[in-house]
Amino acid sequence: MTSQELRQAFVDYFVRNGHAHLPSASLIPDELSTTLFTIAGMEQFVPVFLGESPAPAPRAVTVQRCLRVAGAKSDIENVGRTGRHGTFLEMLGNFSFGDYYKSEAIRFAWEFLTTVMKVDPAKLYVTVHVSDDEAQRLWENEIGLDPARISRWDEDNFWTMGATGPCGPCTEIFYDTGAENASGPDDNGPNKGDRFVEIWNVVFQQYNRGIDGALSDLPRKAIDTGAGFERMLAVANGKVSMYETDLFTDLIAAQPAVGQTTLAPPEQLVRRRIIADHARAATFLIADGVYPSNTERGFVLRFLIRRAIRNGRLLGYPREFMADLAGAVVASLESGYPELRARLGDVQNALRTEEAGFLRTLDRGIELLEHLIDDAISDCTRLIGGEDAFALHDTYGFPYELTREIAGERGVAVDSVGFEQKMTEQRERARADAAAKRGVVTVAGAPALSSSFDGYGGLEADGTVLAILTSSGTAEEIEAGTEARVVLDRTSFYAEKGGQVGDHGRITRGDAVFEVTDTQYAGDAIAHHGRLIAGKLRAGDAVHTTVYPEWREEIRRHHTSAHLLQRALKDVLGEDIVQAGSWVGVDRMRFDFRSPAGALTPVQKRAVTQRVNELIRDDHHQDMTELPIEDAKATGAITMAGEKYGDRVRVVRFGPSVEFCGGTHAHTTGELGLFVLLSESSIGSGVRRIEAVVSKAAEAYVERQQDTLAALGESLSAKPDELLERVERLQSDVRDLQKAMADFKSRLASSDAAAYVERAQEIGRVRLVAAVVPEANADAVRTLGNAIRSRLKSGVIALVGVDGDTASLFVSASDDAVKAGVHAGNLVKAAAPLVGGKGGGAPAQAQGGGKDPAGADAALAAMRSLLSA
């Protein structure tokens, strides 16, 4: 049975039994989820189980894509090494929301396995919870299962998604793979070893675990089935390992041929399986809108891609093989997920960019890691410090897990406590920076409040004060001079969201005036941050809100320019351009996007700018429609990958620009006046950023540029049109002077070199030129060293340059000295700590430096001592 056949057979069986076939949810769970990724088929139905949302149907069947790489459900350590563990998996599920319960769920499971899949009943064993007598009776009396093939367990048969949420006892079905696969003599039943494989889990969802760990009854009992598709497919085909099914054999076959490698054939197969698994996970994550980064989901994706790349290098694969493998993943899975094909281009572009970037850092970082491993072995600690592991992560992009894995292959451990301490310090710094930049953005005192935004139609509205919060907590009344956050039931103030900053303005009641300096969401409530500058304000007061006209006017113009810019980028560069974020302020706009082609050329920047200004001159009027989500999608409007939308969305159109957007916008594009592209740069792997201005900010920018040109022209005695030529002449003059200076320094160094060579010492059978060079930076020391080398054909040169508060190390060893055992890199390593720095290099030449020139003589002595030894 192929994977396509089994997937379809499962859906067809449950549809015949009255279940509605629902699509798989994204790998990115709901924002209220406690998990980083979707880890179970039931996750999209948590609000239904809790009674917070209506059931989509009384009965449902799904094939849910899942990812398990962190936490209790993680299988990362065993991926490729056992036949049943992977990061990306599909979960077959049938669900009942208050419809059927234990009897029908057990019957459905048994019937599908034994009649549809035709699994030998004699090979099936069952477990139930220690407290579940009912399930035991159903298996014995309704299914006719021998009690000897039913065992009872406690924690193993109580399923929970995480620390909180729906949970309940479960009954699991195991398949006996045969005595030849037993882990030992005691492996004679489920949960005792590798012989018995769990293939089906029926969870009787009846409890909700609260934050305090207490269990409470769900509003109604439900059925939640999870059947691991990959394991089921292995059983259907008489295989012990899921890696022997077409889900993986096709991907292993699609990989390049194994090149030069030191890995034995069995280990080669393990690494090829790891690559296949990670390629599946990476393809789906990118297709669902996750891109490589150094935080949260993006970090996990980056780790998986880089782990696959590193295994490819161990196998001798050519560079940048992952993008090609994504095509094989799509071919393998598109029958179940037809939307994958449309995203293949984006997936491959992201993989190429990440792979190219990592190969560059890998080449630089792997040498440092190998040195750390060598040092750990030579000093007998067999431990890499947490600070070094953090430096690899922070500077070279090495995930800690990858450092640990590479070191572990040579029997070296990594200080996880020290690494985590450094990570914690970094996170705390980031949180402090964010708090300093944005201030308080939550209203802990009013978690149940909600506000209505009435500002789409104008700048003013009437509302009622729901709560007033000060630094001391909730207040019933505040007086003039008090800083506070005021929550209203209705407001014309736009709270920061979707990259658009919050509004400024005033809240008034009689002689009371509250100056609003920021507006932020706090759950469903809108909090107005500011200060009461006159009168008194009480909870329950009826108030009037007024947004400053120029503030809102300039923000909505800049927001509209982001829409026009996205349209222009797609028109000029192609539809593969994908928005990655934005920020809209009163005096500028920032737009982040993924560009398959990388940086924009000057011609492309000019074309994008011209296209935006063309759309402005066309004076397209805003056309906003609020539609049900499916109707909105049918308009072809641009959406943000990975963004979650409600049942109804706002579709905003300006001529050819059509997007889902809840922000505020100009009435017509003509209001924007002029678009000026300020900069275009890289902010991460494959992500570009454009900063731009429109309206008054654009006019001010042009005026400043004109003033600057006029001042330069006066300073250089040139007209604006002549400035470029005048600057080029000046640059040429500077280059000529620099060349003359370099020639002078070279001649000076050459003359000095003779004197240094004359003072050469004999250490053993090696001639040594060793000196502290005053007023010499790294370049000067290197120039002098090369000049000495031209006169000293055999021997070692060791120089320490002192320049202000820095010291520079340079060591060069001739070929015969290297053959005699001299290693320039080791000499620099020994000297560098004495000048408060680091360094290293090859046997023939090495460099280093530090911030403590007072240790120059000691550094030179250390190199002499090591050379003597």
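These numbers come from a predicted model, not from an experiment. Sequence order as written defines the numbering, with residues in each chain counted from 1. Local features in this predicted model are restricted to residues whose pLDDT is 70 or higher, and side-chain atom pairs enter the listing and the counts only when it is 80 or higher, whereas totals over whole chains, interfaces and linings include all residues. Values shown for side chains rest on all heavy atoms present in the structure; no hydrogens or waters enter the calculation.

(A) Main features of the overall build of the protein. Assigned secondary structure in the protein consists of 22 helices and 35 strands. Across its three principal directions, the C-alpha atoms of the protein cover 100 × 85 × 50 Å. For the protein, the exposed surface amounts to about 39600 Å²; the carbon and sulfur share of it is 49%. In DSSP terms, a helix is any run of H or I states spanning at least four residues, a strand is any run of E spanning at least two, and both are numbered starting from the N terminus. Throughout, the Shrake-Rupley method with a 1.4 Å probe supplies accessible areas, and for residues the shown protein chains are the sole cover considered.

(B) How the structure looks around empty space enclosed by the protein. Definitions used for this entry: grid spacing 1 Å over protein atoms alone; cavity, a set of points where a 1.4 Å probe fits but cannot get out; pocket, an open set with protein on both sides within 12 Å along at least 5 of 7 lines; lining residue, one with an atom within 4 Å of a point. Grid points are joined across faces, edges and corners, and a volume is the space filled by probe spheres set on the points. Inspection of every chain in the model, using the stated rule, returns four cavities of 30 Å³ or more. Lining the largest cavity are 13 residues, and of these Tyr291, Asp346, Asn349, Ala350 and Arg594 sit closest to its centre. Considering every element that reaches the lining of the largest cavity, the biggest residue donor is helix 10 (residues 340-378), with four residues. Gly is placed with the polar residues, together with every amino acid not listed as nonpolar (Ala, Val, Leu, Ile, Met, Phe, Trp, Tyr, Cys and Pro) or charged (Asp, Glu, Lys and Arg). When its residues are assigned to classes, the lining of the largest cavity shows five nonpolar, five polar and three charged. Around the second largest cavity, the lining residues are Gly83, Arg84, Thr177, Val197, Arg231, Ala234, Val235, Lys239, Val240 and Met242. The element best represented in the lining of the second largest cavity is helix 5 (residues 229-236), accounting for three residues. Considering only residue class, the lining of the second largest cavity consists of five nonpolar, two polar and three charged.

(C) Up close: the sheet that holds strand 25 (residues 623-628). In this analysis, strands are considered paired if DSSP registers two or more bridges between them. Here we have three strands laid out as an open sheet, ordered 25-26-27, and antiparallel in their pairing. Single-partner strands in this sheet number two, and they are strand 25 and strand 27 (657-660). Within the sheet, the average angular offset between the axes of one strand and its neighbour, ignoring direction, is 20 degrees. Pairing geometry for strand 26 (residues 648-654) and strand 27, over four bridges, is antiparallel. Considered in strand 27, the bridge of Val652 is made with Glu659. Lying over the sheet, helix 14 (residues 549-573) contacts strand 26 and strand 27, oriented at roughly 115 degrees with respect to strand 27. Fitting a line to C-alpha atoms yields each axis, with helices limited to the stretch in contact; the angle taken between N-to-C directions then spans 0 to 180 degrees. In this analysis, two residues are considered to be in contact whenever any of their non-hydrogen atoms come within 4.5 Å of each other.

(D) Fine view of the nonpolar core. Buried residues of nine kinds, namely Ala, Val, Leu, Ile, Met, Phe, Trp, Tyr and Cys, make up a nonpolar core once their side-chain atoms join them within 4.5 Å. Classification of residues uses two cut-offs on accessible area relative to the type maximum, computed with a 1.4 Å probe and protein chains only: under 20% is buried, over 50% is exposed, and between them is partly exposed. Ranked by size, the top nonpolar core spans 113 residues in total, and within it Trp139, Ile173, Ile199, Trp200, Met232 and Leu351 carry the most contacts. Residue contributions to this core peak at 12 residues, all from helix 10. Judged by nonpolar contacts, the second largest core, of 28 residues, contains Ala568, Ile577, Ala666 and Ile690.

(E) Fine view of the pattern of salt bridges. Salt bridge, as used here, is a side-chain nitrogen of Lys or Arg placed within 4 Å of a carboxyl oxygen of Asp or Glu. Evaluation of the coordinates by the stated rule reveals 44 salt bridges. Between Glu354 and Arg306 there is a salt bridge whose closest N-O contact spans 2.8 Å. With a gap of 48 residues between them, Glu354 in helix 10 and Arg306 in helix 8 (residues 296-314) connect regions that are remote in the sequence. Of the residues examined, Glu354 reaches a relative accessible area of 1% and is grouped as buried. Linking Arg556 and Glu671 is a salt bridge whose minimum nitrogen-to-oxygen distance equals 3.0 Å.

(F) Quick look at the sheet that holds strand 31 (residues 766-774). Spatially, 30-31-32-33-35-34 is the arrangement adopted by the six strands of the open sheet, whose pairing is mixed. Looking at which strands have only one partner, the edges of the open sheet turn out to be strand 30 (761-763) and strand 34 (837-841). Along the sheet, successive strands turn relative to each other by an average axial angle of 20 degrees, direction set aside. Packed on one face of the sheet, helix 19 (residues 778-791) meets strand 31, strand 32 (796-803), strand 33 (806-813) and strand 35 (845-850) and runs near 155 degrees to strand 32.

(G) Molecular detail of helix 9 (residues 322-333). In this scheme, a helix's expected span is set at 1.5 Å multiplied by one less than its residue total. The first and last C-alpha atoms of helix 9 sit 17 Å apart over 12 residues, in line with the 16 Å expected at 1.5 Å per residue. Among the 12 residues that make up helix 9, 10 are buried, leaving the element largely enclosed by the rest of the structure. All of the buried residues in helix 9 are Met322, Ala323, Leu325, Ala326, Gly327, Ala328, Val329, Val330, Ser332 and Leu333.

(H) Representation of the side chain of Arg688. Here Arg688 shows up in strand 29 (residues 687-694). For Arg688, a relative accessible area of 13% translates into the label buried. A polar contact of 2.7 Å, which involves the side chain of Arg688, links it to the side chain of Glu680. Here a polar contact is recorded for every N or O atom pair within 3.5 Å, except that within protein the pair must consist of a potential hydrogen donor and a potential acceptor, and residues adjacent in sequence are included only if both atoms are side-chain atoms.

(I) How the structure looks around the pairing of strand 16 (residues 483-488). With respect to burial, strand 16 is a largely interior element, five of its six residues being buried. In this structure, strand 13 (residues 460-470) lies alongside strand 16, joined through four bridges in antiparallel fashion. The residue bridging Leu469 from the neighbouring strand is Arg485, located in strand 16. By the bridge criterion, five bridges tie strand 16 to strand 20 (residues 525-534) in an arrangement that is antiparallel. Bridge assignment links Val487 to a residue of strand 20, and that residue is Ala527.

(J) Structural context of the confidence of the model for the protein. With 95% of its residues at a pLDDT of at least 70, the protein reaches an overall mean of 90. The predictor reports its confidence for every residue as pLDDT, a score running from 0 up to 100. Here residues 433-447 scores under 50 on pLDDT; set against residues more than four positions off or in separate chains, the count is 18 contacts.

(K) Molecular detail of the environment of Leu537. Position of Leu537 among the secondary structure elements: in strand 21 (residues 536-538). For Leu537, a relative accessible area of 2% puts it in the buried group. Residues Leu537 and Arg509, 28 residues apart in the sequence, show an inter-C-alpha distance of 7.9 Å. Apart from the residues within four sequence positions on either side, Leu537 is in contact with Val465, Ile468, Glu476, Glu477, Ile478, Val486, Leu532 and Val543.

(L) Seen up close, unusual backbone geometry. The phi dihedral of Glu320 is positive, around 60 degrees, even though this residue is not glycine. Of note, Glu320 is situated in the loop between helix 8 and helix 9. Its relative accessible area of 37% is what places Glu320 among the partly exposed residues. Of note in the backbone geometry, Ser695 takes a positive phi value of approximately 55 degrees without being a glycine. You can see Ser695 is positioned in helix 17 (residues 695-716).

(M) Fine view of the packing of helix 6 (residues 246-253) against helix 7 (residues 265-287). Helix 7 packs onto helix 6 with a crossing angle of 105 degrees between their chain directions and a minimal axis gap of 9 Å. Considering the angle they form, helix 6 stands roughly perpendicular to helix 7. Across the interface between the two elements, Leu247, Phe248, Leu251 and Ile252 of helix 6 pack against Arg272, Arg273, Ala276, Asp277 and Arg280 of helix 7. The residue makeup of the contact of helix 6 with helix 7, split by class, is five nonpolar, no polar and four charged. Reported orientations rely on four angle classes, namely roughly parallel under 35 degrees, roughly antiparallel over 145, roughly perpendicular from 65 to 115, and oblique for the rest.

(N) View of the environment of Ala222. Structurally, Ala222 is set in strand 9 (residues 215-228). For Ala222, a relative accessible area of 1% corresponds to the buried category. Not counting chain neighbours up to four residues away, the residues in contact with Ala222 comprise Phe49, Ser96, Phe97, Gly98, Tyr101, Val203, Phe204 and Gln205.

(O) Molecular detail of the packing of aromatic side chains. Under the pairing criterion, centres of Phe, Tyr and Trp rings, with the six-membered ring standing for Trp, must be within 6.5 Å; the plane angle then separates stacked pairs below 30 degrees from edge-to-face pairs above 60, leaving the rest tilted. Scanning the entire structure with this criterion turns up 25 aromatic pairs. Here Arg149 stacks its cationic end above the ring of Tyr125, 5.4 Å away from the centre of that ring. Criterion for a charge above a ring: Lys NZ or Arg CZ within 6 Å of the ring centre, and within 35 degrees of the ring normal. Cation over ring: Arg650 sits above Tyr456, and NZ or CZ is 3.5 Å from the ring centre.

(P) Quick look at the state of the cysteines. Two cysteine sulfur atoms make up a disulfide if the distance between them is within 2.5 Å. Under the counting rule described, the total for this entry stands at zero disulfides. In this model Cys170 remains outside any disulfide bridge; the closest cysteine sulfur is found in Cys167, 11 Å from its own.

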